[in-house]
Amino acid sequence: MKPSLAALAAWSLMMSFGPALAQPAPAAAPVCQVAPPQAPPVEWRGIAAYRAKAKVQGGRVVSVDVSPLKGGVERRAQRALVMAIVQALQNAPCQPGEHEFQQDFAFDLTQPAAPASGAARG
């Protein structure tokens, strides 16, 4: 039995596109390019971790909800760290449109802050 020309063409077409369909899809680009937030000067020492959920409309972050992932952070330090996260998210360039995403942030504040250069000497 001789295969028909149409059957050979269909088989050839399936073979040429088959492997391409089996490839994993490329990873999607992040919604926003968030720069790591600067840790503010705080008296508290330790490691703090947070998860931020952000809503983007028109390519701008319009709302942020930050939740701690780890307890034990002093209240003033936590407020300062959350504000740093919110500011980093609001300053981030985002893809146009409406999106929601979440991102984790961690601060390692185990080392004491270095003395500021130009500090008064007594």
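Above this note sits the structure.
Residues numbered from 1 in each chain as written. Predicted model: local features only at pLDDT ≥ 70, side-chain atom pairs only at ≥ 80, totals over all residues. Heavy atoms only, no water.

1. Examining the sheet that holds strand S2 (residues 60-68)
Then comes step 1: The sheet built from three strands is open, its strands ordered S2-S1-S3 with antiparallel pairing. Each end of this open sheet is capped by a strand with a single partner; those strands are S2 and strand S3 (99-109). In this sheet, adjacent strand axes meet at a mean angle of 25 degrees when their direction is disregarded.
Then comes step 2: Relative to S2, strand S1 (residues 46-57) runs antiparallel, the two sharing eight bridges. Looking at S2, one finds that Ala 52 is bridged to Val 66.
Then comes step 3: This element, helix H2 (residues 75-90), spans S1, S2 and S3 of the sheet and lies at about 150 degrees to S2. (Pairing = 2+ DSSP bridges. Helix = DSSP H or I, 4+ residues; strand = E, 2+ residues; numbered from the N terminus. Axes fitted to C-alpha atoms, helices over the stretch in contact; angles between N-to-C directions. Contact = heavy atoms within 4.5 Å.)

2. Some words on the nonpolar core
Then comes step 1: Ranked by internal contacts, the top residues of the largest apolar core, which has 25 residues, are Cys 32, Tyr 50 and Ile 85.
Then comes step 2: Elements that contribute at least two residues to this core include exactly S1, S2, H2 and S3.
Then comes step 3: No other element matches H2, which puts six residues into this core.
Then comes step 4: Beyond its immediate chain neighbours, meaning those up to four positions away, Ile 85 contacts Pro 37, Tyr 50, Ala 52, Val 66, Phe 105 and Phe 107. (Core = buried A, V, L, I, M, F, W, Y, C linked by side-chain atoms within 4.5 Å. Buried < 20%, exposed > 50% of the residue type's maximum accessible area, 1.4 Å probe, protein only.)

3. Comments concerning the pattern of salt bridges
Then comes step 1: Counted under the stated rule, the structure contains one salt bridge.
Then comes step 2: Here Asp 104 makes a salt bridge to Arg 51, at a shortest N to O gap of 2.7 Å. Remark: Arg 51 occurs in strand S1 and Asp 104 occurs in strand S3; sequence separation between them is 53 residues.
Then comes step 3: The class for Asp 104 is partly exposed, based on a relative accessible area of 43%.
Then comes step 4: Residue Arg 51 is classed as partly exposed on the basis of its relative accessible area, which comes to 29%. (Salt bridge = Lys/Arg side-chain N within 4 Å of Asp/Glu carboxyl O.)

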